[in-house]
Amino acid sequence: MDCSSARELLPPYFDDELDRATGRELEAHLDGCVDCAAALTELDALRRTLRTRAPRYTAPLALRERLQSLVSKPLAVQTRRMPQRWLAMAASWALALIVGGATVSITGTQGAHDADQLARDLFSSHWRALAATSPVDVISTDRHTVKPWFAGKVAQAPVVQDFAEQGFALVGGRIDYVGSERVPVLAYRHGQHLIDVFVLPQESAAGMAKTIQRQGYSLEAVALGGQAAAIVSDMDESERVRFKQMLAAAK
């Protein structure tokens, strides 16, 4: 794959729209191309900036009332006063305003959309780690090295445990963004599988589905000791169950 093809694939890759084979081919290119890897990082930085700094506007009450009145009027009356195309658009906006409390935001709505965006963030972070030269910022199998490394960098350091004897070796840790939140990530290796454990704010993890599958990878809500977390990997279900049990018992 050349750089020109890779640049065209970066946006759909970032939005989790590539099939697994194409995604793996792009990841292989990113692993050896500094310029394309930097372009992906810039794309991620742009999204974080839009989500944290983009202005939010509240629709004026008069506009909301006008749109509600249009929706409530008989269809024949509406059709005489405006073209059908604009009628459909007005109705769509009215419904969006009513459901969303009349708040228009370019960064998305709450609820299910937030849960979906959380999943996108976690999958994207894991795939970027796979494509990077190293999936971690601090490389160590010693939990007494990894845990202190997080001190001062995140609000709460994660519970860190090495499970090498059980076949799940600690690789190290890194810090990544989930939305606008800096979160600690622990990386483990099981055979050929890289496993990312994201330690999440309780409110973020609350609305996440138990298991999500995308392009051969799984995202699961787990407990890391007493902390809310999520794992992303391409392990099979039996291996994930074993690992989840170890995480839950970690201290």
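Residues numbered from 1 in each chain as written. Predicted model: local features only at pLDDT ≥ 70, side-chain atom pairs only at ≥ 80, totals over all residues. Heavy atoms only, no water.

### Focus: the pattern of salt bridges
- Enumeration over the complete set of coordinates arrives at five salt bridges.
- Between Asp 176 and Arg 174 there is a salt bridge, with its nearest N and O atoms 3.7 Å apart.
- Arg 240 serves as the salt-bridge partner of Glu 220, at 2.5 Å between the closest nitrogen and oxygen. Of this pair, Glu 220 sits in strand β8 (residues 217-224) while Arg 240 sits in helix α10 (residues 237-249), placing them 20 residues apart in sequence. A single burial state applies to Glu 220 and to Arg 240, both of which are buried.
- Connected via shared salt-bridge partners are Arg 128, Arg 174, Asp 176 and Asp 196. (Salt bridge = Lys/Arg side-chain N within 4 Å of Asp/Glu carboxyl O. Helix = DSSP H or I, 4+ residues; strand = E, 2+ residues; numbered from the N terminus. Buried < 20%, exposed > 50% of the residue type's maximum accessible area, 1.4 Å probe, protein only.)

### Examining the pairing of strand β5 (residues 181-190)
- Of all 10 residues making up β5, seven are buried, and the element is well covered by its neighbours.
- What sits between strand β4 (residues 169-178) and β5 in their antiparallel hairpin is a turn of two residues, with Gly 179 showing a positive phi close to 65 degrees.
- Bridge count for β5 against strand β6 (residues 193-199) is six bridges, and the pairing is antiparallel. Across the sheet, the residue bridging to Arg 189 is Leu 194, located in β6.
- Linking two consecutive strands that pair antiparallel, namely β5 and β6, is a turn of two residues; a positive phi of about 60 degrees is found at Gly 191 within it. (Pairing = 2+ DSSP bridges.)

### Considerations on the environment of Asp 2
- Tracing the chain through its elements places Asp 2 in the segment before α1 (3-14).
- For the pair Asp 2 and Leu 26, spaced 24 residues apart in sequence, the C-alpha separation works out to 9.5 Å.
- Of the polar contacts made by the side chain of Asp 2, one reaches the backbone nitrogen of Ser 5; its length is 2.8 Å. (Polar contact = N/O pair within 3.5 Å; in protein donor to acceptor, adjacent residues only side chain to side chain.)

### Details of unusual backbone geometry
- Here Gln 215, not a glycine, exhibits a phi torsion of approximately 50 degrees, which is positive.
- Looking at the element boundaries, Gln 215 is found in the loop between β7 (211-214) and β8.
- Classification of Gln 215 as partly exposed rests on a relative accessible area of 21%.

### Digging into helix α8 (residues 143-150)
- Where α8 begins, the side chain of Asp 142 points an oxygen toward the backbone nitrogen of His 144, at a separation of 2.9 Å.
- Of the residues trailing α8, Gly 152 is marked for its positive phi of about 85 degrees.

### A closer look at the side chain of Ser 125
- On the secondary structure map, Ser 125 appears in helix α7 (residues 112-131).
- Engagement of the side chain of Ser 125 in a polar contact is seen with the side chain of Asp 176, the distance being 2.4 Å.

### Notes on the sheet that holds strand β9 (residues 227-233)
- Spatially, seven strands are ordered β3-β4-β5-β6-β9-β8-β7 in an open sheet, and the strand pairing comes out antiparallel. Here the strands that pair on one side only, and so sit at the sheet edges, are β3 (138-139) and β7.
- Bridge count for β3 against β4 is two bridges, and the pairing is antiparallel. Each bridged residue has a counterpart across the sheet, and for Val 138 the counterpart in β4 is Gly 173.
- Packed onto the sheet, α8 meets β3, β4 and β5 and runs at close to 10 degrees relative to β4.
- In the packing of α10 onto the sheet, the strands contacted are β5, β6, β7, β8 and β9, and the crossing angle to β8 comes to about 25 degrees. (Contact = heavy atoms within 4.5 Å. Axes fitted to C-alpha atoms, helices over the stretch in contact; angles between N-to-C directions.)

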